[in-house]
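# Summary of structural features
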Amino acid sequence: MDVLINVFVALHIIGIAALLGGFLTQMKAMGRGTARFTPAMLHGALTMLVTGVALVGLNEADDQSVNNLKVGIKLAVLVVILALVYVKRDEEKVDKAVFGAVGGLTVVNIFIATLWT
């Protein structure tokens, strides 16, 4: 079971890398006001959602404790990220505030995951 959980953790990290990487590659464009959400950002957020749900289930099945408050907050932040990226995915230009909010919420989600023990 540990190997399976670690595979899903790796996939979860790949998802966050796609989301954050997509944001970071658009930073210069955000300064010019021409940033847009890339498909990799949407797919990264969806990967995070699917693997995160799977990780909770696998950890519960393995009788490991799960901090439901932490998971709930991370899920809420991810749902906001997904909603913003999904709604604005086809726009040629995304407002700086919306684009910055997605990047900021992504970083918040990373800090919640790593610092909340």
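Here, every reference points to the structure presented above.
In short, a report on the structure. (Residues numbered from 1 in each chain as written. Predicted model: local features only at pLDDT ≥ 70, side-chain atom pairs only at ≥ 80, totals over all residues. Heavy atoms only, no water.)

### Quick look at the overall build of the protein chain
The following threshold applies: In this text, helices come from DSSP runs of H or I with a minimum length of four residues, and strands from runs of E with a minimum of two, each type numbered from the N-terminal end. Every radius of gyration here is taken over C-alpha atoms, with the globule rule written as 2.2 Å times N^0.38, N being the number of residues. The buried label goes to any residue with under 20% of its type's maximum accessible area, the exposed label to any with over 50%, and the partly exposed label to all in between, with areas taken from a 1.4 Å probe on protein chains only. Any pair of residues with heavy atoms lying within 4.5 Å of one another is described as a contacting pair. Here the Shrake-Rupley method, with its probe set to 1.4 Å, supplies the accessible areas, and only the displayed protein chains count as covering residues. When charges are counted, Lys and Arg contribute as positive and Asp and Glu as negative, whereas His and the chain ends are disregarded. A single reference atom marks each charge: NZ on Lys, CZ on Arg, CG on Asp, CD on Glu.
Assigned secondary structure in the protein chain consists of five helices and zero strands. Tracing the protein chain from N to C terminus, the helices and strands come up as α-α-α-α-α. In terms of C-alpha radius of gyration, the protein chain reaches 15 Å, essentially the compact-globule figure of 13 Å for 117 residues. Per-residue burial for the protein chain yields a buried fraction of 32% across its 117 residues. Partitioning the contacts of the protein chain with sequence separation of at least 6, the portion at a separation of at least 24 is 80%. As displayed, the protein chain offers around 6,700 Å² of accessible surface, 69% of which is attributable to carbon and sulfur atoms. The distance from the centre of the 9 positive side-chain charges to the centre of the 8 negative ones in the protein chain is 17 Å.

### A few points about the pattern of salt bridges
The condition is simple: The salt bridge criterion pairs a side-chain nitrogen of Lys or Arg with a carboxyl oxygen of Asp or Glu, the two atoms within 4 Å.
If you walk through the whole model with that rule in mind, you get one salt bridge. A salt bridge links Lys88 to Glu91; the nearest nitrogen and oxygen atoms lie 3.6 Å apart.

### Things to note about the packing of aromatic side chains
Keep this limit in mind: Each pair of aromatic rings taken from Phe, Tyr and Trp, with Trp reduced to its six-membered ring, is defined by centres within 6.5 Å and is described as stacked if the planes are under 30 degrees apart, edge-to-face if over 60, and tilted in the remaining cases. Whether a charge sits over a ring comes down to the Lys NZ or Arg CZ being within 6 Å of the ring centre and within 35 degrees of the ring normal.
One pass over the full model with this rule turns up two aromatic pairs. Between the aromatic rings of Phe23 and Phe99, the centroid separation amounts to 5.2 Å while the plane-to-plane angle is 25°, which identifies the pairing as stacked. Taken as a pair, Phe23 in helix H1 (residues 2-25) and Phe99 in helix H5 (residues 96-115) lie far apart in primary sequence, 76 residues in all. Across this residue pair, the class does not change: Phe23 and Phe99 are buried. Plain terms: the ring middles of Phe37 and Phe99 are 5.2 Å apart, the flat faces sit at 25° to each other, and that makes the pair stacked. With a gap of 62 residues between them, Phe37 in the loop between helix H2 (27-32) and helix H3 (39-61) and Phe99 in helix H5 connect regions that are remote in the sequence. For Phe37, a relative accessible area of 2% translates into the label buried. By relative accessible area, which is 0% here, Phe99 ends up buried. Ring pairing ties together the aromatic residues Phe23, Phe37 and Phe99, which thus form one cluster. Above the ring of Tyr86, the side-chain terminus of Arg89 is found at 3.9 Å from the ring centroid.

### Structural notes on unusual backbone geometry
Look at Asp63: it is not a glycine, yet its phi comes out positive at around 60°. Turning to its location among the elements, Asp63 is positioned in the loop between H3 and helix H4 (68-88). Overall, the relative accessible area of 74% leaves Asp63 in the exposed class.

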